[in-house]
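# Structure assessment
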Amino acid sequence: SLLADIKIKKEVANAFVKRKKRSSPYEWYFEYYKSPLEQMHERCENYPPCDYLSDQVGFALAYNRFFG
């Protein structure tokens, strides 16, 4: 069926993306062992109001405003 074909293609695509994302042990390590500062930056970037405010007033002030 068409739905089964789409599902298989999606799984193959996801497997490829995951494999490509961690292409070297170096990248794999930093994907799993991010510094607290890196985790804070990602948290702010993934929250649009914080991301927008960080462009205006800087990361530290924006992060403290929403998560501090």
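For the structure, see preceding data.
A brief structural summary. Computed from a predicted model, the values in this text were never measured in an experiment. (Residues numbered from 1 in each chain as written. Predicted model: local features only at pLDDT ≥ 70, side-chain atom pairs only at ≥ 80, totals over all residues. Heavy atoms only, no water.)

### Structural notes on the packing of helix α4 (residues 48-57) against helix α5 (residues 59-67)
Here is the rule: Axes here mean lines fitted to C-alpha atoms, for a helix over just the part in contact, with angles spanning 0 to 180 degrees between N-to-C directions. Secondary structure elements are defined from DSSP: runs of H or I of at least 4 residues count as helices, runs of E of at least 2 residues count as strands, and each element is numbered from the N terminus. Each crossing is labelled by how the near helix is turned from the far one, with a counterclockwise turn of less than a right angle marking it left-handed and a clockwise turn marking it right-handed. Residues count as neighbours in contact if any of their non-hydrogen atoms are within 4.5 Å of one another. Side-chain classes are defined by residue name, with Ala, Val, Leu, Ile, Met, Phe, Trp, Tyr, Cys and Pro counting as nonpolar, Asp, Glu, Lys and Arg as charged, and the others, Gly among them, as polar.
The interhelical angle for the contact between α4 and α5, taken along N-to-C directions, is 145°, at an axis separation of 7 Å. Relative to α5, α4 is oriented so that their crossing is right-handed. Along the contact surface, α4 presents P49, C50, L53, S54 and V57, while α5 presents F59, L61, A62, Y63, R65, F66 and F67. Among the residues making up the contact of α4 with α5, the classes are represented as ten nonpolar, one polar and one charged.

### Details of a negative patch on the surface
Heads up, the rule is: Exposure above 30% relative accessible area and the lack of any salt bridge qualify a residue for a patch; like charges then connect within 9 Å, and the nonpolar side chains Val, Leu, Ile, Met, Phe, Trp and Tyr within 5 Å. Only the protein chains shown count as cover for residues, and all accessible areas are computed by the Shrake-Rupley method using a 1.4 Å probe. Between Lys or Arg on one side and Asp or Glu on the other, a salt bridge is scored when a side-chain nitrogen of the former is within 4 Å of a carboxyl oxygen of the latter. When charges are tallied, Lys and Arg are placed among the positive residues and Asp and Glu among the negative ones, while His and the ends of the chain are skipped. Charge coordinates come from a single atom per side chain, which is NZ of Lys, CZ of Arg, CG of Asp or CD of Glu.
Together, E38, E45, D51 and D55 line one region of the surface with negative charge. Examined against the element boundaries, E45 turns out to sit in helix α3 (residues 36-45).

### A closer look at the packing of aromatic side chains
Applicable threshold: Think of it this way: a Phe, Tyr or Trp ring, Trp meaning its six-membered ring, pairs with another when their centres are within 6.5 Å, and the plane angle makes it stacked under 30 degrees, edge-to-face over 60, tilted otherwise. Any residue under 20% of the maximum accessible area for its type is buried, any over 50% is exposed, and the rest in between are partly exposed; the area is computed with a 1.4 Å probe on protein chains only. Whether a charge sits over a ring depends on NZ of Lys or CZ of Arg being within 6 Å of the ring centre and within 35 degrees of the ring normal.
A full pass over the atoms with the stated rule returns four aromatic pairs. For the ring pair Y47 and F66, a centre distance of 5.4 Å and an interplane angle of 75° mean the geometry is edge-to-face. Remark: F66 occurs in helix α5 and Y47 occurs in the loop between α3 and α4; sequence separation between them is 19 residues. On the basis of relative accessible area, F66 is assigned to the partly exposed category, the value being 29%. Connected via pairs of aromatic rings, a cluster forms that spans Y47, F59, Y63, F66 and F67. Geometry around F66 places R65 over its ring, the cationic atom sitting 5.1 Å from the centre.

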